[in-house]
Amino acid sequence: MSQNSQYPEEVDLSSCEKEPIHIIGKTQSHGVLVASDKETFRITQIGKNSGEIFGISHSDLLGKQLEELVGSEYGQFLRNLVDEDELLEVREISIHDTSFVAIPHISGESLVVDFEPVGKSANSFNFQAQLTKILNNLNASETSLELCEDVARITKNIFGYDRVMVYRFDEEWNGQVVAEEREEHLESWLGLHYPASDIPKQARELFFKNRVRIISDVNYQPVEITPQFSPINGEPLDLSKSKLRGVSPIHIEYLQNMKVGASLTAALISNGKLWGLLACHHYSARFINYYQRQTCEFLIQIFSNELSLKESNLFLKQIDKQAAVREQLLKQVHSAGSIRKGLSEGNARFTDVMDCCGGAIMLKGKIKLVGKTPDKKQVKSLIKEFLAKKSESLFFTKNLIQFYPAAKRFQDSGSGILSVRLGQSDKDFLIWFRPEVVQLVDWGGNPQNKASYDEEKQRLTPRKSFEKWTQELTGVSAAWKDYDLSAARLLRESVSYVILENQKKEINDLNDQLVEAHNELELFSQGLSHDLKAPLRGIDGYAHILKEDYYSKLEKDGKLAVDTILSSAEEMRDLIDNILSFAGVSNQDLNKSVNSSSHMVQDILVSFNVKNNYPHTSIEIEENLPKIIGDRRMLGQVWSNLLANALKYSEKAENPKIEVGSAAHHNKTIYFVKDNGIGFDPKFSEDIFDLFSRRSGDDYTGSGIGLAIAKKIVEKHDGEIWAESKPGEGSTFYFYV
Ligand code: ADP
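Residues numbered from 1 in each chain as written. Predicted model: local features only at pLDDT ≥ 70, side-chain atom pairs only at ≥ 80, totals over all residues. Heavy atoms only, no water.

**Student:** Could you give me a rundown of the overall build of the protein chain, with the residues and numbers involved?
**Tutor:** Helix and strand content of the protein chain: 18 helices and 29 strands. The principal-axis extent of the C-alpha atoms belonging to the protein chain is close to 145 × 65 × 50 Å. Residue burial in the protein chain is summarised as follows: out of 737 residues, 47% are buried. Excluding contacts between residues fewer than 6 apart, the proportion of contacts in the protein chain whose partners are at least 24 apart in sequence is 65%. For the protein chain, the exposed area adds up to about 38,200 Å²; of that, 49% sits on carbon and sulfur atoms. Averaging the positions of the 86 positive and the 105 negative side-chain charges in the protein chain gives two centres separated by 5 Å. (Helix = DSSP H or I, 4+ residues; strand = E, 2+ residues; numbered from the N terminus. Buried < 20%, exposed > 50% of the residue type's maximum accessible area, 1.4 Å probe, protein only. Contact = heavy atoms within 4.5 Å. Areas by Shrake-Rupley, 256 points an atom, 1.4 Å probe, with all protein chains shown as cover. Lys, Arg positive; Asp, Glu negative; His and termini not counted. Charge placed at Lys NZ, Arg CZ, Asp CG, Glu CD.)

What follows is the structure, encoded as structure tokens:
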């Protein structure tokens, strides 16, 4: 292991994932790595095998100009590339009469050049022929599996490795050998599984930067890069993009345990995701030169394209099939007028949108089961205790027991579930179930013995045995595929839409009922007021007769009684008028016009006969009170109620005073009526606008309707009305329309 300070001296057992293989500080031995300052081209770091390969020792080269090693012409070529920020290009150059492939790239502040021997020179005709063959072959393969078999065969033919495998990752990054070509004397590894830890995460990520990678000699002596830290920034050199990057000692030991002598690994990518690997093993050292690796890169590029195409086609096919079922389901929902029935009772059932053994619908807490499923009680508990607590609307697993141990009781019908929440409710769910599929998984060595800590080596060592190890997997269903998830999501969307429409309809119906009830109430109150007015006229009429014709004959008590009847009758008439007017506001259309607020206020005060009725009250009206737009009659009622209250509730003040004015606020004119009367507790400032709400005690007559009418009118004009007050200090009422 490197002495590099960033490379942990001790690796804990769980940390294969943390091994920083990109700054390993070493290279493989078949080429030399030379790093120079990308600004000055002064050589800053170099592989210690430079003496062996170039015939010039590393100490002679460090600190020199790169041109001294590569010549001025190639030096200039590199400078142009760096200046123009071009993707660095590969060239063949000669150093001390030996030809090398120079592969440059930029790593941080350094220009790194990997020098590899050209090796067996590629015959361009052969190369051409190979490419044509690759294209024809891969185009012809029909399924993904066939494609894998073809790529394994072609790779073996071209590069001559002893064993070529196509290795596919599952959703947990365990791998399985899905295609294999091998020398006859080798045992087959086809179908074997390898645990995710065999290719840890950071190694998988490096495949995106360096898609084809060789280890030319598993038993090579790693070459140290000297000095260990870059003199430019004191950091170890990042070798992510170097073709010569040294191999993790754990991986070397892993290959040694497999008796492998050389390897080539290439990333297979489908739709932007690492789908698998093309893994080639040779049982002795084997160097594949740069050009051959390019061919391999081309091969896997075509493979990846073909694969993406095949997988996308499969996806689209499934989506098409599901779309037809979904359409049918929605038709059923509409014609049945019920989501539950539509999804579970017609020709199509919601369980038909994907492969499953059964499903459950829960709507408003009521469950309906279709096909083979856990029983209702079990489904109810699953939703209540597990699914309803999840914040995501979609959940899926092929191994429910792992998350919800109670699932052990229904393994045969629900080892795997895919569920969607409908709408926002935790009482509406759709669930698909998959049964347990007992699987015999053949592992390449017992995956539980994946690694152990080696005291002597002070690091992890991989498992020693790769003998087939069969594991029985229980409680696990077939995996849910991308297109299953998409089917669930799409159905969820459609059903949620129907639920939303239903809710809207329910709200509309309720609204209609409310309007009807309101109309009835208005008719009722109008009728009632009308009916009350007739007897009232009788009472009032006869009381007037009593007063006019018999008053003088009455005793004092009798006179008081007649006066009380008359004043009560008048109060009653006002009350009835007010109720009628309150009920009437909502029915009346607005007849808008521009009105002079000053005139309105003046007219109202005249009608109140203020001079006689409130002789002590001083009234101040803002000069040029702005005009007001709205229904003249209704706005008159607003002013009238506010002014009447101001006069009434300030009457007993020492120097009663009323102010009427306005203020401009955000393009609106706010009018106010202010008095210095009794005021009210601010906690009632909203409540006083409610019908029949009175907060002034019995000293003041009133019905508690005036402000309710004012509010209704203002709101009908899309305006607002509010009040500010303190007990004993007067009140101000504001409104705008
Ligand atoms: P009424 O005045 O007939 O009681 P309103 O609906 O006009 O009914 O007013 C409701 C309540 O609001 C009144 O009972 C009173 O408590 C309070 N109020 C209204 N205007 C004022 C005011 N200018 N000063 C103090 N309190 C008021």
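**Student:** Pulling in residues and values, what's your account of the sheet that holds strand β26 (residues 657-665)?
**Tutor:** Read across the open sheet, the 5 strands follow the order β24-β26-β27-β29-β28; overall the sheet is mixed. Every interior strand has two partners, whereas the edge strands, β24 (618-621) and β28 (720-725), have only one. Averaged over neighbouring strand pairs, the angle between their axes works out to 20° when direction is ignored. Where β24 meets β26, 4 bridges bridge the pair, whose relative direction is parallel. Counted as the bridge partner of serine 618 is lysine 657 from β26. Across the sheet, helix α15 (residues 597-607) touches β24, β26 and β27 (668-675), and the angle it forms with β24 is around 165°. Along the sheet face, helix α18 (residues 706-716) touches β28 and β29 (731-736) and points at about 140° away from the line of β28. (Pairing = 2+ DSSP bridges. Axes fitted to C-alpha atoms, helices over the stretch in contact; angles between N-to-C directions.)

**Student:** Can you break down helix α8 (residues 249-257) residue by residue, with the values?
**Tutor:** Of all 9 residues making up α8, 7 are buried, and the element is well covered by its neighbours. Considered for burial, the residues of α8 that qualify are Pro249, Ile250, Ile252, Glu253, Tyr254, Leu255 and Asn257. Following α8 by one or two positions, lysine 259 adopts a phi angle in the positive range, close to 70°.

**Student:** Go over the site of the ligand with me, naming the residues and quoting the values.
**Tutor:** In the vicinity of the ligand there are 19 residues, among which Asn645, Tyr649, Asp675, Arg694 and Leu707 approach most closely. In the model, an oxygen atom of the ligand is placed 3.2 Å from a nitrogen or oxygen of the lysine 648 side chain. Take arginine 694: an N or O atom from its side chain is 2.5 Å from an oxygen atom of the ligand. In isolation the ligand offers 520 Å² of accessible surface; the protein chains occlude 97% of this area. Mapped by element, the contributors of at least two residues to the shell around the ligand are α17 (632-650), α18 and β29. Element by element, the count of residues in the shell around the ligand is highest for α17, at 3 residues. (Near = heavy atom within 4 Å. Polar contact = N/O pair within 3.5 Å; in protein donor to acceptor, adjacent residues only side chain to side chain.)

**Student:** Quick one: what's the story with the pattern of salt bridges, residue by residue and with numbers?
**Tutor:** All chains considered together, the criterion is met by 20 salt bridges. When the shortest N-O distance is used, the salt bridge between arginine 293 and glutamate 116 registers 2.8 Å. Here glutamate 116 lies in strand β6 (residues 110-117) and arginine 293 lies in helix α9 (residues 290-336), a separation of 177 residues in the sequence. With respect to class, arginine 293 is no different from glutamate 116; both count as buried. In this structure, the salt-bridge partner of aspartate 687 is arginine 695, at a minimum N-O distance of 3.0 Å. Among the residues examined, aspartate 687 registers a relative accessible area of 23% and is labelled partly exposed. You can call arginine 695 partly exposed: its relative accessible area is 43%. It is possible to trace a salt-bridge network through shared partners that takes in Arg163, Glu180 and Arg182. (Salt bridge = Lys/Arg side-chain N within 4 Å of Asp/Glu carboxyl O.)

**Student:** Provide a residue-level description of the side chain of serine 419, including the pertinent values.
**Tutor:** One can find serine 419 in strand β17 (residues 416-421). Here serine 419 falls in the buried class, since its relative accessible area comes to 2%. In contact with serine 419, not counting residues within four places along its chain, are Leu387, Ser393, Leu394, Phe395, Leu430 and Ile431.

**Student:** Can you explain the environment of glycine 276? Please cite residues and give values.
**Tutor:** Summarising the element assignment, glycine 276 is placed in strand β13 (residues 273-282). Each C-alpha atom, one on glycine 276 and one on phenylalanine 169, is 5.3 Å from the other, the two residues being 107 residues apart in sequence. Once residues lying within four places of it in the same chain are set aside, the contact partners of glycine 276 are Tyr167, Arg168, Phe169, Ala266, Ala267 and Leu268.

**Student:** Can you tell me about the packing of helix α6 (residues 144-159) against α9, naming the residues and giving the values?
**Tutor:** Helix packing for two helices is described by the angle between their axes and how far apart those axes are. At their nearest, the axes of α6 and α9 sit 10 Å apart, and the two run at 175° to each other. With respect to α9, the element α6 is oriented roughly antiparallel. From α6, Ser144, Leu147, Cys148, Val151, Ile154, Thr155 and Phe159 reach across to α9, where they touch Gln292, Thr295, Cys296, Leu299, Phe303, Glu306, Leu307, Lys310 and Glu311. (Parallel < 35°, antiparallel > 145°, perpendicular 65-115°, else oblique.)

**Student:** A description of the sheet that holds β17 should follow, citing residues and the corresponding values.
**Tutor:** With respect to topology, 5 strands assemble into an open sheet ordered β15-β14-β18-β17-β16, the strand pairing being antiparallel. Each having just a single partner strand, β15 (366-371) and β16 (394-397) make up the two edges of the open sheet. Across the sheet, the mean angle separating the axes of adjacent strands is 10° when strand polarity is ignored. As paired strands, β17 and strand β18 (residues 429-434) are joined by 6 bridges and run antiparallel to one another. Bridged to isoleucine 417 within β18 is phenylalanine 433. Together, β14 (358-363), β15, β17 and β18 form the strand contacts of helix α11 (residues 376-385), whose direction differs from that of β18 by roughly 115°.

**Student:** Describe the environment of proline 626, listing the residues and the values that go with them.
**Tutor:** Mapped onto the elements of the fold, proline 626 is located in the loop between β24 and β25 (628-631). Separated by 433 residues in the primary sequence, proline 626 and histidine 193 have C-alpha atoms spaced 86 Å apart. Look past the residues within four positions of proline 626 in its chain and what remains in contact with it is Ser597, Ser662, Thr669 and Tyr671.

**Student:** Talk me through the packing of α17 against α18; I want residue IDs and the actual numbers.
**Tutor:** Interaxial distance between α17 and α18 falls to 9 Å at its minimum, and their mutual angle equals 145°. Where α17 crosses over α18, the two elements pack in a sense that is left-handed. Each of Met634, Leu635, Gln637, Val638, Asn641, Leu642 and Asn645 in α17 lies in contact with α18, whose residues at this interface are Gly706, Leu707, Ile709, Ala710, Ile713, Val714 and Lys716. Taken together, the residues of the contact of α17 with α18 sort by class into 9 nonpolar, 4 polar and 1 charged. (Left-handed = near helix turned anticlockwise from the far one by under 90°. Nonpolar A, V, L, I, M, F, W, Y, C, P; charged D, E, K, R; others polar.)

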